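Here's the letter readout for the chains.
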Amino acid sequence: MTSALRISVVIPCRNDAAFLRECLLALQNQERPADRIIVVDNGSTDESAAVARDAGVELIDEPLVGIWPAAARGYDAALHGSDIIARLDADSRPHPDWLARIESAFTSDEALGVLTGGAEFYGAGRIISYLGEHWYIGGGRVWVNLWLGIPLVFGSNFAMRAAIWKRARTVVHRENSRIHDDLDLTIHLRESDGVRWDRSLTMPVSARPLTSVRGLARRVGRVVPTFAASWPAGAPWRRREAGYPQEDEDGENRGVAVT
């Protein structure tokens, strides 16, 4: 099957060889294959790079350790020859129809700029998985939507038009390894970017961030520094005042209606 949309999948990875192997296998079994799969090796000391090479996917290096530097490096690489940049993590296990659903959503709605979904946590008990899905991810989506007026983009499960990243790449804090990359990206998106959350677009991801107090505290503790990095420009009232006009490469306004 051929498609007018070219989809590249970006996977930041640091010392996650075993998880990466399963992730790439799930991507190989997609109903709609990816046009490109880009693994960003973020200074791994295990077999992560070898796993990527053995799978025959593109492998690039990002020596600056941190999820934002690695993710941004992958998005940059995906800009050439891509219409849609899809993102998941090495411990993600995409359902077989993940890319097919992404393609269908963007094909049917030209105003759609960013599509994101939720999580299905594996590797933990039912209580932890429920709390992770409905409190950690679901709760974050609700309050971010209330604060910013758009859904939280979930870094383990989203896709964006290449044009969105082409604009955002110059304003996000991509070299800051101490903040949440997906929240920082969300802060720099606009209502006119057409951000949509699809409750049925779920992604199986490892529950390891939720299984220790230290791991969970580290992730929750990055929320304030992420907002602080864009303060006060990212405040809701500043966003409304500024209007955040979008400009294309020719410098002309490029508004996109939200459906």
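Up top you'll find the structure we're talking about.
Residues numbered from 1 in each chain as written. Predicted model: local features only at pLDDT ≥ 70, side-chain atom pairs only at ≥ 80, totals over all residues. Heavy atoms only, no water.

Enquirer: So what exactly am I meant to see when it comes to the sheet that holds strand β7 (residues 158-161) here?
Expert: Adjacent strands of a sheet pair through backbone hydrogen bonds, lying either parallel or antiparallel. The strand order across the open sheet built from 7 strands is β3-β2-β1-β4-β7-β5-β8, with neighbouring strands paired in mixed fashion. The outermost strands of the open sheet, each flanked by one partner alone, are β3 (58-61) and β8 (195-197). Each adjacent strand pair in this sheet contributes to an overall mean axis angle of 20°, direction not counted. Strand direction decides the pairing type here: strand β1 (residues 7-13) and strand β2 (residues 36-41), joined by 6 bridges, are parallel. Bridge assignment links C13 to a residue of β2, and that residue is D41. Packed onto the sheet, helix α1 (residues 17-28) meets β1 and β2 and runs at close to 170° relative to β1. (Pairing = 2+ DSSP bridges. Helix = DSSP H or I, 4+ residues; strand = E, 2+ residues; numbered from the N terminus. Axes fitted to C-alpha atoms, helices over the stretch in contact; angles between N-to-C directions. Contact = heavy atoms within 4.5 Å.)

Enquirer: Explain the nonpolar core to me, please; I cannot follow it from the model alone.
Expert: Here is a general trend for soluble globular proteins: nonpolar side chains tend to be buried in one another's company. Counting 35 residues, the largest nonpolar core has I11, L20, L24, L27, W98 and I102 as its most contacted members. Looking at this core, the elements with two or more residues in it are β1, α1, β2, α2 (48-55), β4 (84-87), α4 (98-108), β6 (119-122) and β9 (203-206). If near-sequence neighbours (up to four positions away) are discounted, L20 is found in contact with I11, C13, V39, S48, V51, A52 and A90. Residues I38, L148, F158 and V195 belong to the second largest nonpolar core, which totals 32 residues. (Core = buried A, V, L, I, M, F, W, Y, C linked by side-chain atoms within 4.5 Å. Buried < 20%, exposed > 50% of the residue type's maximum accessible area, 1.4 Å probe, protein only.)

Enquirer: Mind showing me how you'd approach the environment of I150 here?
Expert: Within the fold, I150 resides in the loop between α5 (126-148) and β7. Sequence separation of I150 and R196 is 46 residues, and the distance between their C-alpha atoms is 7.9 Å.

Enquirer: I tried to follow the environment of A17 on my own but got confused; where do I start?
Expert: Topologically, A17 is positioned in helix α1. Given a relative accessible area of 9%, A17 falls into the buried group. Once the C-alpha coordinates of A17 and D91 are considered, the two residues, 74 residues apart in sequence, prove to be 9.5 Å apart. For A17, the contacting residues outside a window of four places in its chain are D46, E47, S48 and V51.

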